[in-house]
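This is what each chain is made of:
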Amino acid sequence: MDRIESAEVVVTSPGRNFVTLKITTSDGVTGLGDATVNGRELAVAAYLTDHVVPLLIGRDPANIEDTWQYLYRGAYWRRGPITMAAVAAVDVALWDIKAKTAGLPLYQLLGGASRTGALAYGHASGTTTEALFDSIRNHLDLGFRAIRIQTGVPGLGQVYGVASDQRAGQRYDYEPARRNIVAGRALPVEEEWDTAAYLRHIPGVFEAVRHEFGPDLPLLHDGHHRMRPIEAARLARDLEPYRLFWLEDATPGEDQQALRLIRQHSTTPIAIGEVFNTAFDYQTLITERLIDYVRSAVTHTGGITHMRKLLDFAGLYGIRSGMHGPTDISPVGMAAALHLDLAVHNFGIQEYMKHGDTTLEVFRTSYTFTDGLLHPGTNPGLGVDLDEDLAARFEYTPAYLPINRTLDGTVHDW
């Protein structure tokens, strides 16, 4: 009988930090899983190496559900981003192995394709309206059919999610954690934030975008958890005339009651959940229909096994998927999401930020982006290979997402 023979944790930094689990069976089949937790990579790497890998050796790789329950329930200390990313890495790697053994792309084991491809949205941003318009046009030229809109705020410096590095004078089109070394220590960059200025500015930005690009282009916006409930409700109402595809993370996700206030004041569709880790985090939001899109990532939500259950649960209430997909989800995690995107009935949209060339040399992928749609490809398994020799050349370097402080110096929510 086939057994798990080895499991290796690979930490690499080809432009940014990733944690990958590689499982090998006694039949010589390998599977990959993404365990990246941005800014806490070594915590999940240690959790895997010290506490999970020893439990895997000798197990039957085909028993995916049993292994999931064994790792989730057996630890006693459940949930949380580190635990669930570790469980996800094992789960995805085992699905990769099962699909390779079957000689099929993973989505075929999930019920087959429900669509020809997954609609993706790109991230357009700019410190000025002109720069934002240029970014939108660039994304449209690349083939995107839906665009997330982020913009600088007058009077503030660097704003997270806006594609500009003012210190280096260079544009970036992804959301990197910063490698900020101060007196020999890696520390988060601290950015200034003013919610009142943001709330005054954003409706005018969407008015300008609609005037320039018309009513048909699906537009999205991410509030990055920065608003109090009443502020989020006001922004959702103020943005109603511009018919957003969704308003994302308007207020901190931990306070599920806050979403009721937004619903009471606006019909703007709401997306939330990239900081959630299990279906239990969504229970109230889904059963009371307080959101319209589930924003979790396969990487951080227990893998394909648990994410499929979460999306099936959401589908009962007419809620669709909108899975998290920035570049701190590795190509392995992105591929896993795309297989689910293709298979589930209640797919909504997929976040897509193309990884840098160096990352795509370390992780060789078969997924494609054509005419606004992503497809995982037809290679057996996930369709992602890891070049371990090349990965070893890129040493881990601590990097952190920025910290927000208000004008009086108070640490603010994302």
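What counts, and where the lines are drawn
Residues numbered from 1 in each chain as written. Predicted model: local features only at pLDDT ≥ 70, side-chain atom pairs only at ≥ 80, totals over all residues. Heavy atoms only, no water. Pairing = 2+ DSSP bridges. Helix = DSSP H or I, 4+ residues; strand = E, 2+ residues; numbered from the N terminus. Contact = heavy atoms within 4.5 Å. Axes fitted to C-alpha atoms, helices over the stretch in contact; angles between N-to-C directions. Salt bridge = Lys/Arg side-chain N within 4 Å of Asp/Glu carboxyl O. Buried < 20%, exposed > 50% of the residue type's maximum accessible area, 1.4 Å probe, protein only. Domains from an automatic or database assignment. Buried area = accessible area lost by both parts, 1.4 Å probe. Phe/Tyr/Trp six-rings, centres within 6.5 Å; stacked < 30°, edge-to-face > 60°. Bend = angle between axes of the 7 residues up to and from the residue.

An unreviewed UniProt entry annotates the protein as D-mannonate dehydratase originating from Myceligenerans xiligouense.

Enquirer: What is the right way to look at the sheet that holds strand β19 (residues 403-406) in this model?
Expert: Two modes of strand pairing occur in sheets, parallel and antiparallel, and in both the strands are linked by backbone hydrogen bonds. If you trace the 3 strands from one edge of the open sheet to the other, you get β8-β19-β20, paired in mixed fashion. Here the strands that pair on one side only, and so sit at the sheet edges, are β8 (190-193) and β20 (411-412). Strand direction decides the pairing type here: β8 and β19, joined by 4 bridges, are parallel. Counterpart to E191 in the pairing with β19 is N404.

Enquirer: Looking at this structure, how should I read the environment of Y72?
Expert: Tracing the sequence through the fold places Y72 in helix α2 (residues 64-74). Through-space distance from the C-alpha of Y72 to that of E395 is 30 Å; in sequence the pair is 323 residues apart. Apart from residues lying up to four places away in sequence, Y72 is in contact with R78, R79, M84, T278 and F280.

Enquirer: Looking at this structure, I do not really get the sheet that holds strand β1 (residues 4-12). What am I missing?
Expert: Strands sit in the order β1-β2-β3 across an open sheet of 3 strands; the sheet is antiparallel. Of all strands in the sheet, those with a lone pairing partner are β1 and β3 (30-34), marking the two edges. When strand polarity is set aside, the average angle formed by the axes of neighbouring strands in this sheet is 20°. Bridging between strand β2 (residues 18-25) and β3 involves 5 bridges; their strand directions are antiparallel. Bridge assignment links L21 to a residue of β3, and that residue is G33. Lying on the sheet, helix α3 (residues 81-102) is in contact with β1, β2 and β3; it crosses β3 at an angle near 150°.

Enquirer: It is not clear to me how the pattern of salt bridges should be interpreted in this structure. Could you clarify?
Expert: One side chain can pair with another of opposite charge once the charged atoms of both are near each other. According to the stated counting rule, one finds 19 salt bridges in the structure shown. A salt bridge links R145 to D371; the shortest N-O distance between them is 3.0 Å. Linking R145 in the loop between α5 (129-142) and β5 (146-151) with D371 in the loop between β16 (368-370) and β17 (373-375), this pair joins segments that are 226 residues apart in sequence. Here R145 falls in the partly exposed class, since its relative accessible area comes to 36%. Its salt-bridge partner being D312, residue R308 comes within 3.5 Å of it at the nearest N-O pair. With R308 and D312 both in helix α10 (residues 303-315) and 4 residues apart, the pair spans about one turn of that helix. Residue classification places R308 among the partly exposed residues on the basis of a relative accessible area of 24%. Relative accessible area serves as the criterion here: at 41%, D312 is assigned to the partly exposed category. One salt-bridge network, in which partners are shared between bridges, spans E248, E274, R295 and E351.

Enquirer: Any chance you could explain the pairing of β3 here in plain terms?
Expert: Two faces belong to every sheet, and in a regular strand the side chains alternate between them. Summarising burial for β3: 4 of the 5 residues are buried, a large majority. What sits between the antiparallel neighbours β2 and β3 is a turn of 4 residues, in which G28 has the positive phi angle 85°.

Enquirer: Help me out: how do you make sense of the domain arrangement of the protein in this one?
Expert: Think of interface size as the accessible area that goes away when the parts come together; that is how it is often given. According to the domain assignment, the protein contains domain 1 (4-105) and domain 2 (109-378). A separation of 26 Å is found between the C-alpha centroids of domain 1 and domain 2. When domain 1 packs against domain 2, the two sides together hide about 2,600 Å² of surface, and 59% of this comes from carbon and sulfur. On the domain 1 side of the interface with domain 2, the three residues burying the most area are R16, D34 and P105, jointly 23% of the side's total.

Enquirer: Please clarify how the pairing of β1 should be interpreted in this entry.
Expert: Of the pairings in the sheet, the one linking β1 to β2 comprises 8 bridges and is antiparallel in character. Within β2, the residue paired with A7 across the bridge is I23. Following β1, the chain reverses through 5 residues before pairing antiparallel with β2; G15 in that reversal takes a positive phi of roughly 105°.

Enquirer: How do you make sense of the packing of aromatic side chains when you look at a structure like this?
Expert: Aromatic ring pairs: the centre-centre distance and the angle between the two ring planes describe each pair. For the coordinates displayed, the defined rule picks out 14 aromatic pairs. Taking 5.2 Å as the distance between ring centres and 50° as the angle between the ring planes, the aromatic pair formed by W193 and Y198 counts as tilted. When sorted by exposure, W193 lands in the same class as Y198, which is buried. The interplanar angle of 85° and the centroid separation of 4.9 Å between the aromatic rings of F276 and Y282 together place this pair among those described as edge-to-face. Assessed through its relative accessible area of 0%, Y282 is described here as buried.

Enquirer: Just to check I follow, could you spell out helix α1 (residues 41-56) for this structure?
Expert: Three or four residues apart is the spacing at which side chains of an α-helix point the same way, because the helix has 3.6 residues per turn. The largest bend in α1 is about 40°, located at T49. When α1 is considered as a whole, its buried residues turn out to be E41, V44, A45, Y47, L48, V52, V53 and L56. Taken together, the buried residues of α1 touch β1, β2, α2 and α3. Where α1 terminates, the next one or two residues include G58, which has phi positive at roughly 95°.

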